[in-house]
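Each chain, letter by letter, is given below.
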Amino acid sequence: VQLQASGGGPVQAGGSLRLSCIASGCDFSRAVMGWFRQAPGKEREFVAAISWSGGGKYSADIVKGRFTISRTNANNTVYLQMSSLKPEDTAVYYCTAGEILDYRDYPLAGRYHYWGQGTEVTVSS
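Along each chain, residue indices are assigned from 1 in the same order as the chain's sequence is written. Only residues with pLDDT of at least 70 get local features here, since the model is predicted, and only at 80 or more are side-chain atom pairs given and counted; chain-wide, interface and lining totals rely on the full set of residues. Each side-chain value is derived from all of the structure's non-hydrogen atoms; neither hydrogens nor water enter the calculation.

Visitor: So, the state of the cysteines: which residues are in play, and what are the values?
Guide: Disulfides are defined as cysteine sulfur pairs within 2.5 Å. If you walk through the whole model with that rule in mind, you get one disulfide. A sulfur-sulfur separation of 2.0 Å characterises the disulfide bridge that pairs cysteine 21 with cysteine 95. Between cysteine 21 and cysteine 95 the disulfide shows an S-S torsion of about 50°. By sign, it is right-handed. Placement of cysteine 21 in strand E3 (residues 17-24) and of cysteine 95 in strand E9 (residues 91-98) is noted, with a sequence separation of 74 residues between them. No disulfide involves cysteine 26; its nearest neighbouring cysteine sulfur is the one of cysteine 21, lying 13 Å away. Note on conventions: DSSP H or I runs of at least 4 residues are helices, E runs of at least 2 residues are strands, and numbering of each starts at the N terminus.

And the structure:
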């Protein structure tokens with residue numbers, strides 16, 4: 001089982017990036033998929049998650065209105081479209097997947113079973 005994240009890089013404040021994460025080795029069409037991030041010296045924090053059908057999307061307050069999560073089950077891929085980026089969005093972004101029944105558990109890292117290696121996003125002012 002592998003989650004491969006990509007799409008990170010340097011960007012100026014106000015810019016946009018789209019992160020992608022391809023899952024392989026297992027059928028993730030029934031799994032909740034999400035994104036977390038970890039900035040230097042800080043704990044990993046929830047960014048966004050999406051239900052297996054794509055009908056339920058949840059995001060942290062700090063990114064609402066700026067980040068959009070989506071998925072394509074046909075190719076086991078989850079995306080994070082990030083816009084209006086701020087320097088405080090600088091972090092390593094991790095994609096994750098898990099079988100989570102209660103949407104209230106989506107922000108909890110411990111509920112996810114699989115994690116990608118992370119892709120780094122650096123936003124300069």
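Here the narrative resumes, following the displayed structure.
Visitor: Before we move on, can you summarise the packing of aromatic side chains with the specific residues and values?
Guide: Aromatic pairs are defined between Phe, Tyr and Trp rings, using the six-membered ring for Trp, whenever the two ring centres lie within 6.5 Å; interplanar angles under 30 degrees are classed as stacked, those over 60 as edge-to-face, and all others as tilted. On inspection of all chains with the given rule, the structure shows seven aromatic pairs. Ring geometry for tyrosine 58 against tyrosine 106: centres 5.1 Å apart, planes inclined by 80°, an arrangement best described as edge-to-face. Taken together, the residues tyrosine 58 in strand E6 (residues 57-59) and tyrosine 106 in the loop between E9 and strand E10 (114-115) connect sequence positions 48 residues apart. You can call tyrosine 58 partly exposed: its relative accessible area is 32%. Among the aromatic residues, those joined into a cluster by ring pairs are Phe36, Phe46, Tyr112 and Trp115. Whether a charge sits over a ring comes down to the Lys NZ or Arg CZ being within 6 Å of the ring centre and within 35 degrees of the ring normal. For the cation-ring pair, arginine 30 lies above tryptophan 52, with the distance from its terminal atom to the ring centre recorded as 3.9 Å. One Lys or Arg, arginine 44, reaches over the ring of tryptophan 115 and ends 4.8 Å from the middle of that ring. In this scheme, a residue with accessible area under 20% of its type's maximum is buried, one over 50% is exposed, and one in between is partly exposed, where area comes from a 1.4 Å probe on protein chains only.

Visitor: Tell me about the pairing of strand E11 (residues 119-124), and name the residues and values.
Guide: Side-chain alternation along E11 places Thr119, Val121 and Val123 on a buried face and Glu120, Thr122 and Ser124 on a face that remains uncovered. One bridge is not enough; two strands pair if DSSP finds at least two bridges between them. Relative to E11, strand E2 (residues 9-12) runs parallel, the two being bridged by four bridges. Opposite glutamine 12, over in E11, you have serine 124 as the bridge partner. Relative to E11, E9 runs antiparallel, the two being bridged by three bridges. The residue bridging alanine 91 from the neighbouring strand is valine 121, located in E11.

Visitor: Would you mind going over unusual backbone geometry in detail, with residue names and values included?
Guide: A positive phi is found at asparagine 76, a non-glycine position, where the angle reads about 50°. Here asparagine 76 lies in the loop between strand E7 (67-72) and strand E8 (77-82). Of note in this structure, serine 84 is not a glycine but carries a positive phi near 50°. Structurally, serine 84 is set in the loop between E8 and E9. In this structure serine 84 comes out as partly exposed when scored by relative accessible area, which is 40%.

Visitor: How would you sum up the sheet that holds strand E1 (residues 2-6)? Please name residues and give values.
Guide: Read across the open sheet, the four strands follow the order E1-E3-E8-E7; overall the sheet is antiparallel. The open sheet has two edge strands, E1 and E7, and neither has a second partner. Here the strands of the sheet are splayed against their neighbours by 15° on average, with no regard to which way each runs. Direction of pairing for E3 relative to E8: antiparallel, over a ladder of six bridges. Residue leucine 19 lies in a different strand from E8, and its bridge partner there is leucine 80. Lines fitted to the C-alpha atoms define the axes, with helices restricted to the stretch that makes contact. Angles between their N-to-C directions range from 0 to 180 degrees.

Bear in mind that shape data such as this cannot, by itself, settle questions of function.
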